[in-house]
Amino acid sequence: MSKISEVVQRARAAFNSGKTRPLQFRVQQLEALRRMIKEREKDIAGALTADLHKNEWNAYYEEVVYVLEEIEYMIKKLPEWAADQPVEKTPQTQLDESYIHWEPLGVVLIIGTWNYPFNLTIQPMVGAIAAGNAVVIKPSELSENMATLLATIIPQYLDKDLYAVINGSVSETTEVLKERFDHILYTGSTGVGKIIMMAAAKHLTPVTLELGGKSPCYVDKDCDLDLACRRIAWGKFMNCGQTCVAPDYILCDPSIQNQIVEKLKKSLKEFYGEDAKKSRDYGRMINSRHFQRVMGLMEGQKVVYGGTGDAATRYIAPTILTDVDPQSQVMQEEIFGPIMPIVCVRGLEEAIHFINQREKPLALYVFSLNDKVIKKMIAETSSGGVTANDVVVHFTLHSLPYGGVGNSGMGCYHGKKSFETFSHRRSCLVRPLLDDESLTARYPPSLAKVRVGGSRGGWAAGRTGPHCPVSSSQMTAR
Amino acid sequence: MDPVGDTLQRLRETFRAGRTQPAEFRAAQLEGLGRFLRDHKQLLQEALAQDLHKSAVELEVSEISIVQTEINLALRNLRAWMRDEQVRRNLATQLDSAFIRKEPFGLVLIVAPWNYPVNLTLLPLVGALAAGNCVVLKPSEISKSTEKVLAEVLPRYLDQSCFAAVLGGPEETGQLLEHRFDYIFFTGSPRVGKIVMAAAAKHLTPVTLELGGKNPCYVDDNCDPQTVANRVAFFRYFNAGQTCVAPDYVLCSPKMQERLLPALQSAITRFYGEDPRSSPDLGRIINEKHFQRLQGLLGCGRVAIGGQSDESDRYIAPTVLVDVQETEPVMQEEIFGPILPIVNVRSLDEAIDFIKRREKPLALYAFSNSNQVVEQVLARTSSGGFCGNDGFMHMTLPSLPFGGVGASGMGSYHGKFSFDTFSHHRACLLRRPGLEKICSIRYPPYSPRNLRLLLLAMETRSCSCTLL
């Protein structure tokens, strides 16, 4: 048996032992995870600096803080969420117990990604643990420092058999995918998402796929441009543009394009100074391949800000492109880099039409002071999520499901949705084993039992109460 | 030349034009469906009698009524279900509007089976229409007579710019699956479920798979054998056993088996008479292939009750098998016929181990006077659904989600769960202007001071940390 198989089998055996069933155990593991984060914060921040040039602030504010919140929320709500949930009964089942019973699925696989390598691997894990599963995580090898760190610290704080870390690249991931899991959560690209789902199909494993796309950002003529541009600049250029819910491109009327450019520039200078390369707060591209890819997207474009890069440090300057041709390469793939193309459209209708001709994105943004514009934009498009008059933020509200639709993904998590995603919702009906007289109406022989119209006949009749062992409908014999 | 492609294109265009969005439109579709059932009950009765020798009572109870109830439920609740669902906000989003918007996916494909060809085709259709999708229906070609009614009569009751029925066998279904859908709902076997999911993966299409398995039925020593036998027999032989949630096999002690056998015989005689073959209440096997398969299973173990079969009308007697080995075919595949094997176990623990060694079933049953025993079976196993002390009654509550887990399926439906299954839940946050001063803490350049403030806020939990 390969090492990977061994790890998965061990997790399964540990799950089958039943130790994750008591809520107390799960809470203890979550508390241990929280301790891990607090005690190893410097190591976590250090790994993020090494991988992505993130500083302490980025580390906390963009990654760690949400995981800690999620843990708090889970611990607090677990007893409520895990409890049997009684449901409405039919007249025929008034004397019975009917409820939804939440159960763990078994062994969950979480395939992480490199852009928020801590958050996007650990936040799903929190939900999987809370739901009572064993969890195998496969961090992205591209953020290698984080991958190494997780493999080291997780076993130091959490149950070693139940929660395992498998590291490696494509070949190890392929091998892991041959194993059978009870749920797979994958964050990454659309192309690989298909491969994951195909592999999952062989075992009938349900999947949650958090993919991507080009998240449009429509800026209406009627809006507070200073505010809009500041927020857009913040959301776009954080982590050097390597954010799945970053506004990918701007759609606006040509009459405000120049103003937008000026205000974006102003905000960028406020955030990162005249030379972003010197800013402690500005990130770097994850590797050379992505550096080359993103630099290539600028070719043939009208660059009005930035446009430079340094391969040695994988630095790309915050860049703005104007009058971008929708057919050009930069508008064909998710940018995932610090380039903001501006595409001109005349008005809301054209913007909506533009968006609808393309794949459904993970996020959609609209800036306007006019509520009608916002309502129309939302009503006539689709996307994983929407924020109006800001960017990215819907991701941070735990009461909102986080997920895509169409090419941007399927399924969702965060908060209660995480618990639900990693649980089986088992329908239960428990009847007392009373004598059968009251149920005889449902049994054959049918003779002339057929009724005209109305609700259920046959088996569902009877047991509507102590005085009415057989419903009146059964009396209409023909 | 791709007529299916053209049909799908047409449906997509209708969807894009927003036709299925308004509640009035969706309600009209549902009402049309209701009228179809009312107007053509006789026609459906004849079709089902031809396909499965289904009795009028079975038709009413398991095919017509159940769909009508769902239609009425959807009509009553449509607007409430469609409404934006407000969600809890944190301190930073107090002034904002945060809600979940339910949106149709677009083009939905429903692939239906032959055993309850009206119910299992139309019930998902109710959900898909209520959620505002355009629908392509692929009824089973195996229940031929019903297929004809669904293909020829049903479309007249629905808006054909948003609905189409596509016919054919495995090959045509394969070709259909090469096209892109926004959601696929499949009811059938696990084997085909894998094929459907793999096809869906090519387009990243989300799926609900309602599959099957062997549904165990544990019968405790502490119970009244006749009551149990009545219930088990009723749910096993309903539709000649061709029910995905039927009790597939019994687990009980040898002592219990001795008491259960005469009780089962008594129940069978009571339900179907001395000559079950002449009972109008006993169905027939859907086709030759399945008949042969089931006839083969009659050779497993030893026939304790029934065992007769007649190829000429695909009749198989209500049968109970005993002395059955785990390795025999009758314990290896989902039976899907009027054959009930009894497997002996010496204790509850042994029964639970037996169940857990196998794939998670769609349904699981436990019969006992002791609540504790029933609870234990529930707590120590997993299955799509569970019923204590009865057969598949849990399916009749629209407030309970109906679906499998593991090899028995993924996703669920019925009642509101149908509406939710066929909807995309879009997270929406509409920010009001203002509070920019507070928001500005999030902008670079970052200072140690800001970080300290943030950490302080978290420590005291005076606010949620998402100080954005």
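Residues numbered from 1 in each chain as written. Chains lettered and ligands numbered in written order. Predicted model: local features only at pLDDT ≥ 70, side-chain atom pairs only at ≥ 80, totals over all residues. Heavy atoms only, no water.

- Under an unreviewed UniProt entry, chain A has the name Aldehyde dehydrogenase and belongs to Diceros bicornis minor.
- The UniProt entry for chain A carries the following text under Sequence similarities (unreviewed entry): "Belongs to the aldehyde dehydrogenase family."
- Taken directly from UniProt, the Subcellular location (unreviewed entry) text for chain A runs: "Cytoplasm". (UniProt positions renumbered as here; feature names shortened; annotations may be inferred.)

## Some points on the interface of chain B and chain A
Link 1 in the chain: In this assembly, 118 residues from chain B lie in contact with 110 residues from chain A.
Link 2 in the chain: Among the residues of chain B in contact with chain A, B:Leu204, B:Arg426 and B:Tyr446 are the three that bury the most area, contributing 8% of the side total.
Link 3 in the chain: Linking chain B with chain A are seven salt bridges, by the criterion used here.
Link 4 in the chain: Applying the counting criterion to the chain B and chain A interface returns 42 residue pairs in polar contact (both at pLDDT 80 or more).
Link 5 in the chain: Here the side of chain B that touches chain A gets nine residues from one element, more than from any other, and that element is helix α4 (residues 56-82) of chain B.
Link 6 in the chain: Looking at side-chain class alone, the side of chain B that touches chain A contains 61 nonpolar, 33 polar and 24 charged residues.
Link 7 in the chain: With four bridges joining them, strand β16 (residues 385-388) of chain A and strand β18 (residues 423-430) of chain B adopt parallel strand pairing. Bridging from a neighbouring strand, A:Val386 pairs with B:Cys428 of β18(B). (Contact = heavy atoms within 4.5 Å. Buried area = accessible area lost by both parts, 1.4 Å probe. Salt bridge = Lys/Arg side-chain N within 4 Å of Asp/Glu carboxyl O. Polar contact = N/O pair within 3.5 Å; in protein donor to acceptor, adjacent residues only side chain to side chain. Helix = DSSP H or I, 4+ residues; strand = E, 2+ residues; numbered from the N terminus. Nonpolar A, V, L, I, M, F, W, Y, C, P; charged D, E, K, R; others polar. Pairing = 2+ DSSP bridges.)

## Brief notes about the packing of helix α2 (residues 23-39) of chain A against helix α6 (residues 144-157) of chain A
If you want to describe how two helices pack, look at the angle between their axes and the distance between the axes.
Residue and element names in this part refer to chain A.
Link 1 in the chain: At their nearest, the axes of α2 and α6 sit 9 Å apart, and the two run at 130° to each other. Comparing their axes, α6 and α2 come out oblique. The handedness of the crossing between α2 and α6 comes out as right-handed. Residues Ala32, Arg35, Met36 and Glu39 of α2 pack against Ile153, Ile154 and Tyr157 of α6.
Link 2 in the chain: Partitioning the contact of α2 with α6 into residue classes produces five nonpolar, no polar and two charged. (Axes fitted to C-alpha atoms, helices over the stretch in contact; angles between N-to-C directions. Parallel < 35°, antiparallel > 145°, perpendicular 65-115°, else oblique. Left-handed = near helix turned anticlockwise from the far one by under 90°.)

## Side note on the sheet that holds strand β17 (residues 409-410) of chain A
All names here are of chain A.
Link 1 in the chain: Ordered by their spatial adjacency, six strands build an open sheet running β5-β4-β3-β6-β7-β17, and the pairing between neighbours is mixed. With one partner strand each, in any of the chains shown, β5 (163-165) and β17 form the two edges of the open sheet.
Link 2 in the chain: Those strands touched by helix α1 (residues 3-16) are β3 (107-111), β4 (134-138) and β5, and its axis lies near 155° from that of β4.
Link 3 in the chain: Packing against the sheet, helix α5 (residues 119-130) makes contact with β3, β4, β5 and β6 (183-187), and its axis sits at approximately 170° to β4.

## So, empty space enclosed by the protein
Residues and elements named next belong to chain A.
Link 1 in the chain: Applying the stated rule across the entire model yields 15 cavities of 30 Å³ or more.
Link 2 in the chain: Estimated volume of the largest cavity: approximately 170 Å³.
Link 3 in the chain: If you go around the largest cavity, you meet 15 residues; those closest to its centre are Glu62, Tyr116, Met238, Val392 and Phe395.
Link 4 in the chain: Among the secondary structure elements, those contributing two or more residues to the lining of the largest cavity are α4 (56-82) and α5. (1 Å grid on protein atoms, 1.4 Å probe; cavity = no way out; pocket = protein on both sides within 12 Å on 5 of 7 lines; lining within 4 Å. Points joined across faces, edges and corners; volume = space filled by probe spheres on them.)

## Considering the pattern of salt bridges
Link 1 in the chain: Using the criterion set out here, one finds 53 salt bridges over all chains in the structure.
Link 2 in the chain: Between B:Arg180 and A:Glu359 there is a salt bridge whose closest N-O contact spans 2.9 Å. With B:Arg180 in the loop between α7 (170-178) and β6 (183-187) and A:Glu359 in the loop between α12 (347-356) and β15 (363-367), this pair bridges two chains.
Link 3 in the chain: Owing to a relative accessible area of 29%, B:Arg180 belongs among the partly exposed residues under this scheme.
Link 4 in the chain: Under the relative-accessibility criterion, A:Glu359 is labelled partly exposed at 39%.
Link 5 in the chain: Each of the salt bridges in this network shares a partner with another, and the network as a whole consists of A:Arg231, A:Asp390, B:Asp96, B:Arg431 and B:Arg442. (Buried < 20%, exposed > 50% of the residue type's maximum accessible area, 1.4 Å probe, protein only.)

## With respect to the environment of B:Glu147
Residues and elements named next belong to chain B.
Link 1 in the chain: Of note, glutamate 147 is situated in helix α6 (residues 144-152).
Link 2 in the chain: Looking at glutamate 147, the relative accessible area reads 13%, which means it is buried.
Link 3 in the chain: Sequence separation between glutamate 147 and arginine 12 is 135 residues; the distance between their C-alpha atoms is 24 Å.
Link 4 in the chain: In contact with glutamate 147, not counting residues within four places along its chain, are Pro139, Ser140, Glu141, Leu167 and Gly168.

## A closer look at the UniProt feature "active site" (unreviewed entry) in chain A
All names here are of chain A.
Link 1 in the chain: UniProt feature "active site" (unreviewed entry): in the numbering of this structure it lies at Glu210 and Cys244. Spanning 35 residues, the annotated positions come together in the fold, the maximum distance between their C-alpha atoms being 9.1 Å. When the annotated set is filtered for residues lining the largest cavity, what remains is Cys244.
Link 2 in the chain: Considering the arrangement of structural elements, one finds glutamate 210 in strand β7 (residues 207-210).
Link 3 in the chain: Looking at glutamate 210, the relative accessible area reads 2%, which means it is buried.

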